[in-house]
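Structural features, examined
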Amino acid sequence: MEALKGVKVLDMTHVQSGPTCTQLLAWFGADVVKVERPGVGDATRGQLRDVPEADSLYFTMLNSNKRSITLNPKKPEGAKIFAQLIKECDVMVENFAPGALDRMGFTWEKIQELNPRMIYASVKGFGPGKYEECKVYENVAQCAGGSASTTGMLGEVPLVTGAQIGDSGTGLHLALGIVTALFHREKSGKGQKYLQLCRMVF
């Protein structure tokens, strides 16, 4: 199925929650361009690797049907290329630490200036409140949100699930939000300020 054929996605995500989202978009026909750090790439390329010198299954199962480039937007030449990608793409998805893109000089206002039709989708760990600046991985989300207590206990310690249901579920819901925003843009002609999907809100 290629329902999203012609939609270009700038994928600034890594690990699992963001890549789950962008892979779903790629499966539906979007042209997804994954941006990775020069010399390092997505951390999951080397995690749980079972074949030496090859990308791990963990990475490949979350990043199929994508194109990939290395780019450092913090450097002048990288920032120039990144700005051009923003102009050319319909959607940008990121799951950086809070404020990371702003610190690179790419605030929402700058993104809108470059591309008023851009749909900017973001994954963060916490919503507004005292924890909103914290970084969050799956285990933290399950424990802080309380879902670990429903899995079972090891003595008095709650256990997280084996499957990363928070990350994959977040990616799935974010993909739906992006498709909805694309539909809205067809009517309004404008991009969305941002779609911020948090794993939990306190």
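To keep things clear, this report deals only with the structure shown in the data block. (Residues numbered from 1 in each chain as written. Predicted model: local features only at pLDDT ≥ 70, side-chain atom pairs only at ≥ 80, totals over all residues. Heavy atoms only, no water.)

**What to know about the layout of surface pockets**
Keep this limit in mind: In the cavity and pocket records, a cavity denotes points on a 1 Å grid over the protein atoms alone where a 1.4 Å probe fits but cannot get out, a pocket denotes an open set with protein on both sides within 12 Å along at least 5 of 7 lines, and lining residues are residues with an atom within 4 Å of a point. Grid points are joined across faces, edges and corners, and a volume is the space filled by probe spheres set on the points. Numbered from the N terminus, helices here are DSSP runs of H or I no shorter than four residues, and strands are runs of E no shorter than two. Under the scheme applied here, ten amino acids are nonpolar (Ala, Val, Leu, Ile, Met, Phe, Trp, Tyr, Cys and Pro), four are charged (Asp, Glu, Lys and Arg), and all others, including Gly, are polar.
As a volume, the largest pocket reaches approximately 830 Å³. The set of elements that each furnish at least two residues to the lining of the largest pocket consists of strand S2 (31-36), helix H4 (100-103) and strand S5 (119-126). Of the residues assigned to the lining of the largest pocket, the class counts are 15 nonpolar, 8 polar and 11 charged.

**Digging into the pairing of S2**
For the record, the criterion: Only protein chains enter the calculation, and the probe is 1.4 Å; a residue is then buried if its accessible area is under 20% of its type maximum, exposed if over 50%, and partly exposed in between. Throughout, right-handed denotes a crossover for which the path from the first strand over the helix to the second runs clockwise when the strands point away from the viewer.
The buried fraction of S2 amounts to 5 of the 6 residues, a majority that puts the element mostly inside the structure. Handedness of the crossover is the feature at issue here: the chain leaves strand S1 (residues 8-12), passes through helix H1 (residues 17-27), returns alongside S2, and the resulting connection is right-handed.

**Let's talk about a positive patch on the surface**
Quick note on the threshold: Exposure above 30% relative accessible area and no salt bridge define the residues that can form patches, which grow by joining like charges within 9 Å and nonpolar side chains of Val, Leu, Ile, Met, Phe, Trp and Tyr within 5 Å. Under the convention used here, a 1.4 Å probe and the Shrake-Rupley method define accessible areas, while residue burial counts only the protein chains that appear. Salt bridges are identified by distance alone: a Lys or Arg side-chain nitrogen within 4 Å of an Asp or Glu carboxyl oxygen. As used throughout, the charge tally considers Lys and Arg to be positive and Asp and Glu to be negative, leaving His and the chain termini uncounted. Taken as the charge location is NZ of Lys, CZ of Arg, CG of Asp or CD of Glu.
A cluster of like positive charges, contributed by Arg-37, Lys-74, Arg-103 and Lys-135, occupies part of the molecular surface. Inspection of the secondary structure assignment puts Lys-74 in the loop between strand S3 (66-70) and helix H3 (76-88).

**Things to note about the environment of Glu-109**
Examined against the element boundaries, Glu-109 turns out to sit in helix H5 (residues 108-114). Once the C-alpha coordinates of Glu-109 and Lys-193 are considered, the two residues, 84 residues apart in sequence, prove to be 9.0 Å apart.

**Observations regarding the pattern of salt bridges**
Scanning the model with the defined rule gives 10 salt bridges in all. A salt bridge links Lys-5 to Glu-2; the nearest nitrogen and oxygen atoms lie 4.0 Å apart. Across this residue pair, the class does not change: Lys-5 and Glu-2 are exposed. For Asp-55, the salt bridge goes to Arg-45, with nearest N and O atoms at 2.7 Å. Taken as a pair, Asp-55 in the loop between S2 and helix H2 (57-60) and Arg-45 in the loop between S2 and H2 lie far apart in primary sequence, 10 residues in all. Among the ionic contacts, a cluster of salt bridges with common partners joins Glu-36, Arg-45 and Asp-55.

**Considerations on the side chain of Thr-22**
How we decide: Contacts described as polar in this section are N or O atom pairs within 3.5 Å, which, within protein, must combine one atom able to donate a hydrogen with one able to accept it, while residues neighboring in sequence count only if both atoms come from side chains. Note on contacts: a residue pair qualifies if any of its non-hydrogen atoms lie within 4.5 Å across the two residues.
Considering the arrangement of structural elements, one finds Thr-22 in helix H1. On the accessibility criterion, Thr-22 (0% relative accessible area) is buried. Separated by 3.3 Å, the side chain of Thr-22 and the backbone oxygen of Pro-19 make a polar contact. Filtering out sequence-adjacent residues up to four positions away, Thr-22 remains in contact with Val-9, Asp-11, Thr-13, Val-32, Lys-66 and Val-93.

**Remarks on the packing of aromatic side chains**
Our working definition: Stacked, tilted and edge-to-face pairs are distinguished by plane angle, under 30 degrees for stacked and over 60 for edge-to-face with tilted covering the rest, among Phe, Tyr and Trp rings (Trp via its six-membered ring) whose centres lie within 6.5 Å.
With the rule as written, the count across this model stands at 2 aromatic pairs. Centroid distance Phe-82 to Phe-106: 4.6 Å. Interplanar angle 80°. Geometry classified as edge-to-face. Of this pair, Phe-82 sits in helix H3 while Phe-106 sits in the loop between H4 and H5; the two residues are 24 residues apart in sequence, bridging distant segments of the chain. For Phe-82, a relative accessible area of 0% puts it in the buried group. Judged by centre distance (6.0 Å) and plane angle (15°), the rings of Trp-108 and Tyr-120 are stacked. Here Trp-108, found in helix H5, pairs with Tyr-120, found in strand S5; they are 12 residues apart in sequence, far enough to count as distant.

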